[in-house]
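Residue-level listing of the chains:
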Amino acid sequence: MTRHIRHAAVFCALLLLALLVNALRVQVVESAAHDGNPANRRASIARYGQPRGDILVGGAPVTGSRDTHEQLRYERTYREGPLYAPVTGFASQEYGTTFLEHTEDDLLSGVDPMLAPLPLWNDVTRGRPPGGNVVTTLDRRAQQAAYAGLDGRKGAVAAVEPATGRVLALVSSPSYDPSLLSGNDPGVEASWERLNADPDKPMLNRAVRQTYPPGSTFKVVTAAAALDAGVVTDLDRPTDSPVPYRLPGTTTRLTNSGDGCADASVREAFEWSCNTVFAKLGVEVGLARMSRTAQAFGFNDTDVRIPFPVATSTFDTSLDRAQLALSSIGQYNTRATPLQMAMVAAAVANGGQVREPYLVERTTRHGGATVGTAGSRSARQAMYPATAVRLRELMEDVVREGTGKRAAIRGARVGAKTGTAQHGIGNSGTPYAWCVSWAQGKRDIEPSVAVAVVVEDGSANRGEITGGGMAAPIARAVMAAVLGS
Amino acid sequence: MTSAGAGAEATTAIAAAGTPAPAVRLPRRRGIELALIVVAVLLSVYGYCAVGLAKNGTLPPGAAGYGAGLGVLALVAHLAVRLRAPYADPLPLPIGVLLNGIGLVLIYRLDLETPGDRAAPAQLVWSTLGITLFILVVAALRDHRVLQRYAYVSVVAALVLLMLPILFPAVNGARIWVRVAGFSIQPGEFAKVLLAVFFAAYLAANRTALAYAGRRIWCVQVPTGRVLGPIVAIWLLSVGVLVLERDLGTSLLFFGLFVVMLYVATGRTGWIAVGLLLAALGAVAVGRLEPHVHGRIEDWLHPFASIEAGLGPNQLAQSLFAFSAGGVLGTGLGLGHSVLIGFATKSDFILATAGEELGLAGLSALFLLYGLLVERGYRAGLALRDPFGRLLAVGLATIVALQVFVIAGGVTGLIPLTGMAMPFLAQGGSSVVTNWAIVALLIRVSDSARRQYDGSTAP
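Residues numbered from 1 in each chain as written. Chains lettered and ligands numbered in written order. Predicted model: local features only at pLDDT ≥ 70, side-chain atom pairs only at ≥ 80, totals over all residues. Heavy atoms only, no water.

Engineer: What should I look at first to understand the overall build of chain A in this one?
Structural biologist: Within chain A, the regular secondary structure consists of 17 helices and 18 strands. Counting only C-alpha atoms, chain A reaches 115 × 50 × 40 Å along its principal axes. Residues counted as buried form 54% of the 485 residues belonging to chain A. In chain A, the proportion of contacts linking residues at least 24 apart, taken out of those at least 6 apart, comes to 69%. Working note: accessible area of chain A is about 19800 Å², and carbon and sulfur atoms make up 51% of it. (Helix = DSSP H or I, 4+ residues; strand = E, 2+ residues; numbered from the N terminus. Buried < 20%, exposed > 50% of the residue type's maximum accessible area, 1.4 Å probe, protein only. Contact = heavy atoms within 4.5 Å. Areas by Shrake-Rupley, 256 points an atom, 1.4 Å probe, with all protein chains shown as cover.)

Engineer: Quick question: what am I supposed to make of the sheet that holds strand E14 (residues 370-373) of chain A here?
Structural biologist: Within a beta sheet, neighbouring strands are joined by backbone hydrogen bonds and run either parallel or antiparallel to one another. The strand order across the open sheet formed by five strands is E2-E1-E7-E13-E14 (chain A), and the pairing between neighbours is mixed. Here the strands that pair on one side only, and so sit at the sheet edges, are strand E2 (60-61) and E14 of chain A. (Pairing = 2+ DSSP bridges.)

Engineer: It is not clear to me how the interface of chain B and chain A should be interpreted in this structure. Could you clarify?
Structural biologist: In many reports, interface size means the accessible area that the parts give up when they come together. Listed by partner, the interface residues are 50 residues for chain B and 34 residues for chain A. Across the pair A:Arg42 and B:Glu356 runs a salt bridge, and its minimum N-O distance is 2.8 Å. On the surface where chain B and chain A come into contact, there are eleven residue pairs in polar contact (both at pLDDT 80 or more). Broken down by secondary-structure element, the contributors of at least two residues to the side of chain B that touches chain A are helix H9 (248-266), helix H13 (315-326), helix H14 (350-383) and helix H15 (387-411) of chain B. Of all the elements, H14(B) adds the most residues to the side of chain B that touches chain A, at 13 residues. Its residues placed into classes, the side of chain B that touches chain A shows 30 nonpolar, 17 polar and three charged. (Salt bridge = Lys/Arg side-chain N within 4 Å of Asp/Glu carboxyl O. Polar contact = N/O pair within 3.5 Å; in protein donor to acceptor, adjacent residues only side chain to side chain. Nonpolar A, V, L, I, M, F, W, Y, C, P; charged D, E, K, R; others polar.)

Engineer: Whenever I open this one, the state of the cysteines confuses me. Can you help?
Structural biologist: Disulfides are covalent bonds that connect the sulfur atoms of two cysteines. Residue and element names in this part refer to chain A. Using the criterion set out here, one finds one disulfide over all chains in the structure. Here Cys261 is linked by a disulfide to Cys274, with a sulfur-sulfur distance of 2.0 Å. For the disulfide bridge between Cys261 and Cys274, the dihedral angle about the S-S bond is near -75 degrees, and by the sign convention the bridge is left-handed. Linking Cys261 in the loop between strand E11 (253-254) and helix H11 (266-272) with Cys274 in the loop between H11 and helix H12 (275-285), this pair joins segments that are 13 residues apart in sequence. Exposure remark for Cys261: the relative accessible area of 3% places this residue in the buried category. (Disulfide = S-S within 2.5 Å.)

Engineer: When you look at the confidence of the model for chain B in this model, what are you seeing that I'm missing?
Structural biologist: Residues and elements named next belong to chain B. Averaged over every residue, the pLDDT of chain B is 84; residues scoring 70 or more account for 88%. Long-range and interchain partners of residues 1-18, a stretch whose pLDDT sits below 50, account for 13 contacts in this model, where long-range means more than four residues apart. Long-range and interchain partners of residues 455-459, a stretch whose pLDDT sits below 50, account for eight contacts in this model, where long-range means more than four residues apart. Confidence estimates for the predicted assembly give a pTM of 0.75 and an ipTM of 0.89. (pLDDT = per-residue confidence, 0-100.)

Engineer: I keep staring at the packing of H14(B) against helix H16 (residues 429-451) of chain B and nothing clicks. Help me out?
Structural biologist: Think of two packed helices as two axes; the pair is described by the angle between the axes and how far apart they sit. Residue and element names in this part refer to chain B. In contact at an axis separation of 9 Å, H14 and H16 are set at 40 degrees when each is read in the N-to-C sense. It follows from the interaxial angle that H14 and H16 lie oblique. Judged by the twist between their axes, the crossing of H14 over H16 is left-handed. Contact with H14, carried on its side by Leu373, Gly377, Ala380 and Ala383, involves Leu442, Val445, Ser446 and Ala449 of H16 and no other residues of that element. Looking at side-chain class alone, the contact of H14 with H16 contains six nonpolar, two polar and no charged residues. (Axes fitted to C-alpha atoms, helices over the stretch in contact; angles between N-to-C directions. Parallel < 35°, antiparallel > 145°, perpendicular 65-115°, else oblique. Left-handed = near helix turned anticlockwise from the far one by under 90°.)

Engineer: Sorry, what's going on with the nonpolar core here?
Structural biologist: Residues B:Phe134, B:Leu351 and B:Met422 are the most contacted members of the largest nonpolar core, which totals 143 residues. Tallying contributions element by element places H15(B) first for this core, with 17 residues. In this structure, B:Met422 is in contact with B:Ile350, B:Leu351, B:Phe367, B:Tyr370, B:Val404, B:Ile407, B:Ala408 and B:Ser431, ignoring residues within four places of it in sequence. One finds A:Leu115, A:Leu247, A:Ala450 and A:Ala452 within the second-largest nonpolar core, a separate group that totals 91 residues. (Core = buried A, V, L, I, M, F, W, Y, C linked by side-chain atoms within 4.5 Å.)

Engineer: Is there a simple way to think about the sheet that holds strand E18 (residues 449-455) of chain A in this case?
Structural biologist: Residues and elements named next belong to chain A. The strand order across the open sheet built from five strands is E9-E8-E18-E17-E16, with neighbouring strands paired in antiparallel fashion. The sheet is open, and its two borders are formed by strand E9 (167-173) and strand E16 (413-421), each paired with just one other strand. Within the sheet, the average angular offset between the axes of one strand and its neighbour, ignoring direction, is 10 degrees. Along the sheet, helix H15 (residues 338-349) contacts strand E8 (155-160), E9, strand E17 (432-440) and E18; its crossing angle with E18, the most-contacted strand, is approximately 145 degrees.

Engineer: Hey, could you run me through H14(B) in this one?
Structural biologist: Think of an α-helix as turning once every 3.6 residues; residues three or four places apart then point the same way. All names here are of chain B. Taking 1.5 Å as the rise per residue, H14 with 34 residues should run 50 Å; its terminal C-alpha atoms sit only 35 Å apart, a clear shortfall. Gly359 marks where H14 bends most, by close to 125 degrees. Extensive coverage of H14 is indicated by the burial of 26 of its 34 residues. (Expected span 1.5 Å × (residues − 1). Bend = angle between axes of the 7 residues up to and from the residue.)

Engineer: Looking at this model, I keep getting lost on the packing of aromatic side chains. Mind explaining?
Structural biologist: In this description, an aromatic ring pair is defined by two values, namely the gap between the centres and the angle between the planes. Residue and element names in this part refer to chain B. In total, this model carries 17 aromatic pairs over all chains according to the counting rule given. Ring centres 4.2 Å apart and planes at 10 degrees place the aromatic pair Tyr48 and Tyr66 in the stacked group. In this pair, Tyr48 is assigned in helix H2 (residues 30-56) and Tyr66 in helix H3 (residues 63-84), connecting sequence segments 18 residues apart. Judged by relative accessible area, Tyr48 falls into the buried class, the value being 9%. With a relative accessible area of 9%, Tyr66 lands in the buried category. For the ring pair Phe199 and Phe258, a centre distance of 5.2 Å and an interplane angle of 50 degrees mean the geometry is tilted. In this pair, Phe199 sits in helix H7 (residues 187-212) while Phe258 sits in helix H9, placing the two residues 59 residues apart along the sequence. Each member of the pair Phe199 and Phe258 is classed as buried. A network of ring pairs unites the aromatic residues Tyr152, Phe198, Phe199, Tyr202 and Phe258 as a single cluster. (Phe/Tyr/Trp six-rings, centres within 6.5 Å; stacked < 30°, edge-to-face > 60°.)

Right, here's the structure in full:
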């Protein structure tokens with residue numbers, strides 16, 4: 001019997017061994033796959049188990065956290081949610097994160113290794129430090145001025161500091177309150193569905209994720225290309241441009257909305273936004289130089305991040321001459337985000353240099369100690385500095401006596417270019433009102449703000465939609481807010 | 001301790017004066033047992049405090065009372081062993097105390113997540129009852145061979161207990177509970193020990209006939225129907241009842257217990273082949289015919305199928321998630337989320353909490369504790385010389401081993417899941433009481449095993 005008892009004991013030992021090996025399989029070998037299974041709620045529980053770090057504007061948080069004592073414990077709250085939604089995005093238990101909440105998620109939720117006091121500290125302790133804070137470059141008053149200026153109309157505003165690329169304002173309208181999407185209650189799902197079904201697309205970030213035909217504001221780029229190429233040497237010499245201008249190789253005639261464009265000088269044409277003159281200029285500059293200049297301003301750059309990705313603004317690089325003529329006045333396939341057009345204005349204001357825009361000034365630990373700073377951003381020369389000086393002159397003329405009078409600020413140097421962009425099949429859509437501008441305060445040694453405004457208000461009377469009428473006052477308010485602060 | 005031991009040995013020496021002088025002087029090792037019990041109680045109290053600190057940031061209010069209660073119970077049990085079974089193996093009692101203590105900690109910890117359903121107080125009452133039963137068995141049962149006389153009483157009692165739940169409504173698909181005055185009892189648990197006693201007694205009495213009588217068919221020596229008939233009938237009856245009650249785990253346990261004991265008693269490897277064949281046939285038949293079982297097998301083969309179907313993770317998937325979350329070192333007591341498993345976290349799935357919060361390290365330690373308990377049972381079986389005692393020890397140890405394998409294998413996805421209680425760990429009064437009875441019997445047989453060497457020359 002003894003021998004068989006031993007056999008039975010060996011059998012039991014084998015059972016034990018099987019359990020141990022299987023435990024090793026489940027807990028170690030397959031552990032990562034199970035931890036990463038989307039149906040496993042542990043990651044979310046840990047993630048929402050502590051308050052999220054805050055996003056700061058002008059030193060004060062625009063976000064907060066609310067303790068619900070539920071399984072996914074802390075809910076995100078937003079102060080002035082609709083105002084800052086295009087910057088913060090949302091952080092939702094159900095629908096994930098967007099914009100800064102998304103790109104800075106590791107820091108805000110506390111898993112960023114930079115937050116740990118020592119390398120690998122989090123892995124050893126299995127804990128996570130409190131979430132860090134994100135300090136934005138936004139100017140609170142500029143942001144408010146832009147949002148108030150749009151006043152619920154569809155449109156967007158982007159403002160940057162020309163010398164650095166700091167984003168001072170980023171507004172999209174109509175907006176929404178991201179706190180509607182925080183939390184676990186059934187209302188979240190209802191809000192999500194309502195916001196997604198809304199024809200006004202309140203969750204669309206028009207300032208960076210939507211491209212528009214830039215219309216006449218693109219003439220800044222065309223003028224820069226023409227000046228750099230030497231096609232135009234004297235701003236005041238007549239350009240020998242016919243009205244109407246027949247697009248090369250076609251019978252299509254291009255006209256202007258105003259008079260006095262025939263044979264106008266570049267200065268006059270810029271002031272009064274003559275399509276015929278600039279279409280002809282673009283063709284004279286040629287596709288290669290037009291493309292090069294547009295790309296130097298940031299067009300066709302597929303990798304703009306502020307730190308969340310910005311939709312690519314496009315300037316078509318394979319065009320016939322008629323298409324080039326249209327593209328040179330911001331039509332045909334030319335499309336730009338408001339942020340891109342703010343960069344165009346900023347390049348003019350900054351001596352021809354384009355600074356990459358950025359939105360995060362620095363990141364800090366919960367206590368305020370700095371974890372990371374924005375650092376210097378690369379710059380590109382979009383045009384010769386001399387060209388920038390002359391373009392500044394042209395843009396100031398627009399404000400002084402052209403279409404941009406409503407952008408003028410008493411006691412400050414202001415340059416602008418307005419635009420009314422056609423779109424839709426056969427230009428049937430309501431035109432977009434544009435204004436790009438920059439401003440230099442009385443005591444400033446260089447322009448301190450560049451703004452792009454686009455208004456796409458379908459409800460307005462078609463005749464009233466002009467860049468000068470609708471967009472310029474908003475640009476003025478934003479610039480005044482920055483200069484005043 | 002040493003002086004007491006020496007005194008007792010001196011008495012034995014005098015008592016054995018008529019017989020040849022003792023060739024072997026066995027140490028009694030009661031001091032080791034006491035030290036291990038102290039460690040077991042301290043570990044349990046430490047776990048209890050760790051849970052309180054992790055969940056509420058303070059020491060739990062009942063820590064002192066809890067430790068004192070468990071300590072007093074364990075000490076009384078130790079005294080009973082010291083007085084009535086002084087030669088007993090010093091390991092089973094501390095292992096029982098530690099496992100029961102950890103079980104109480106885990107249940108208390110899970111109670112904090114489910115304020116409406118508190119199980120720890122009842123478990124504490126049942127543990128007290130279990131240890132009381134342990135003391136009674138150790139004190140009242142002077143010699144395990146007495147049990148041999150009650151073989152047929154045992155089997156009748158076992159069958160009655162097994163059939164009792166049929167009269168009561170099913171709970172969660174299994175008809176294995178009896179509810180009386182708010183307490184639910186699983187009579188099948190008690191039946192395990194009774195059936196092991198019967199198998200041991202019957203096989204001890206008939207093992208020669210089973211092994212050598214009868215005809216030889218093919219290459220298997222088949223015993224005569226008169227010898228084989230009753231035991232196969234009992235076995236078929238019990239497994240049949242369990243299948244009716246849908247208690248898969250216990251039917252698997254009985255099957256395995258029967259095959260192992262038959263093999264040990266007769267030494268015929270053919271029994272194992274027959275057993276495996278029957279098991280395979282039975283498994284296929286039940287798996288095909290019984291939807292409840294079929295579902296379990298499907299879950300085992302495809303634990304994440306319900307996730308892919310968009311229905312969310314099922315219990316097994318949640319259990320696997322919990323084990324994975326523990327990793328090697330665990331999240332720490334009170335810091336896991338095994339409560340996500342939902343239903344039966346404190347009973348069938350309590351091991352998932354151990355796996356998540358104590359990690360692979362803690363889980364392995366638990367498995368090794370069970371392994372040690374089983375090994376001590378087998379060791380007692382090897383040391384004993386009466387066939388009944390040997391078979392009883394082997395049977396009891398096998399019950400523990402199979403039970404641990406079936407439930408732990410189920411919740412970790414090694415074998416299909418069958419509802420069963422992890423010995424000592426899981427919430428469940430009948431289970432705790434039964435397991436204390438098993439430990440008491442192991443103490444008794446190990447005492448006999450070592451006592452028989454004392455005063456005799458050869459084993």
